[in-house]
Amino acid sequence: MPQLRAEFLVAGAGPSGLTIARLLALKGRGVVVVDPGPSAAGRLELLAPAALGTVDALGLSSLLSNPAIARPCLGIRRWWDSGQPEHEDFLRHPRRTGHVVDRASFDRSLRDAAAAAGVVFVEARVTGLVEGGVRLAIGRGVSETLAFGGTLIDATGRVAMVARRKGARIAIRDRRVAELIEESALHSDSVAPVWLDVRKHDETSWSYRIEGPVGKVQIWRIRKPGTATAPDALRRVDSSASILTEMAGESWLAVGDAACAFDPIASQGLFNALSSALVSAGALQVSGRLTCDAARAYSGAVAAAFLFSEAGRSQVYRGRGTT
């Protein structure tokens, strides 16, 4: 059985996995990221002003200044039944602006930063856990078992592969599907700030129009499963609100969407990925392994953040016929 000599194995190379891997490596810890390879998320996402303190703390502010990665956002305009928009103006926030982020470019930059910090990448996928190690899928039909005695970090996204095999369960709070119904390019190099527009369609669905770097425009429709689909949808992703029953335990911890997940378009998903990576890296840098008390404290903190965010979302949409 091959032996992996590292303190931390991160399963998954999304923004949460890449961020926690980089932070641990910068502290001199041995970190390996196991992932099948770079895959573009292919969507635009909003980082609201409340997320920018976390971005600063992670040393990633320069990415938001890159016009190929991010574009300033003035706020959110919500179009309900009245036909007149309600404005959530980011100028009222101390940070005064948000950013529309092109996830493909953002994730590539995170990967480069992790590699520069000394993170080692293994092109494979974690498919299971065995006594004293992990099972990997390497290419089509090829598997390997790898001996590993350090801490496993679950950054596998909504599937939460490691956490579920450690006994955690996924609780779905609000089932939703996001469908990309239009994607275009304005062929513009404008860096002028934009708005995120939200429009209600009926009692169970609404859509986002979001314009990002280099004139890229996307329209996403959010609906409940079982309602009418968009037959010509370009892509479908799960946008349900979900949370694990526990986010950490002895020798393992979940971050990002693996711990709790939100609507991936409108400001919560990427913020959750970065903030949970920051918090969990701080906990792991102390001892490398979580004590039972530390695992419970981390789980409690993630759950509290999830419930706070869901309460805020409900406050916005309650009474609008879209909850």
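As the structure is a prediction and not an experimental result, all values here were calculated from the model.

How each quantity is defined
Residues numbered from 1 in each chain as written. Predicted model: local features only at pLDDT ≥ 70, side-chain atom pairs only at ≥ 80, totals over all residues. Heavy atoms only, no water. Helix = DSSP H or I, 4+ residues; strand = E, 2+ residues; numbered from the N terminus. Rg over C-alpha atoms; globule rule 2.2 N^0.38 Å. Areas by Shrake-Rupley, 256 points an atom, 1.4 Å probe, with all protein chains shown as cover. Lys, Arg positive; Asp, Glu negative; His and termini not counted. Charge placed at Lys NZ, Arg CZ, Asp CG, Glu CD. Pairing = 2+ DSSP bridges. Axes fitted to C-alpha atoms, helices over the stretch in contact; angles between N-to-C directions. Parallel < 35°, antiparallel > 145°, perpendicular 65-115°, else oblique. Left-handed = near helix turned anticlockwise from the far one by under 90°. Contact = heavy atoms within 4.5 Å.

Peer 1: Mind showing me how you'd approach the overall build of the protein chain here?
Peer 2: When helices and strands are counted, the protein chain shows seven helices and 21 strands. Against the compact-globule benchmark of 20 Å for 323 residues, the protein chain has a radius of gyration of 20 Å, which places it among compact chains. Seen through its C-alpha atoms, the protein chain measures out along the principal axes to roughly 65 × 40 × 40 Å. Accessible surface, the protein chain: about 14,400 Å² in total, of which carbon and sulfur atoms supply 52%. Seen as two clouds, the 39 positive and the 32 negative side-chain charges of the protein chain have centres 2 Å apart.

Peer 1: Looking at this model, I keep getting lost on the sheet that holds strand β21 (residues 260-261). Mind explaining?
Peer 2: Strands belonging to one sheet form pairs held by backbone hydrogen bonds; the direction of such a pair is parallel or antiparallel. On the basis of which strands lie adjacent, the open sheet formed by three strands has the order β12-β18-β21 and antiparallel pairing. If you trace the sheet from one side to the other, it starts and ends with β12 (170-174) and β21, each paired once. Summarising the sheet, β12 and strand β18 (residues 241-244) pair through four bridges and their orientation is antiparallel. Opposite A171, over in β18, you have I243 as the bridge partner.

Peer 1: What is the right way to look at the packing of helix α1 (residues 15-26) against helix α4 (residues 103-116) in this model?
Peer 2: Angle between the axes and distance between the axes: these two values describe a pair of packed helices. Contact pair α1 / α4: the axes reach a minimum separation of 9 Å and the direction vectors enclose 25°. Relative to α4, the element α1 lies roughly parallel. Where α1 crosses over α4, the two elements pack in a sense that is left-handed. Residues P15, L18, T19 and R22 of α1 lie in contact with α4, whose contacting residues are R103, D107, L110, R111, A113 and A114.

Peer 1: Explain the environment of A124 to me, please; I cannot follow it from the model alone.
Peer 2: Along the chain, the position of A124 falls in the loop between β7 (120-123) and β8 (125-130). With 173 residues separating them in the primary sequence, A124 and A297 have C-alpha atoms 32 Å apart. Ignoring anything within four residues of it in the chain, the contact list for A124 reads V34, D35, P36, L136, A137 and I138.

Peer 1: Teacher, can you tell me more about the sheet that holds strand β11 (residues 151-154) here?
Peer 2: Taking strand neighbours across the sheet as the criterion, the six strands line up as β7-β2-β1-β11-β20-β19 in an open arrangement whose pairing is mixed. The open sheet terminates on both sides in strands that have one partner only, identified here as β7 and β19 (248-249). As judged from the four bridges shared by strand β2 (residues 31-35) and β7, these two strands associate in the parallel manner. Its bridge partner being in β7, V33 is matched across the sheet by F121.

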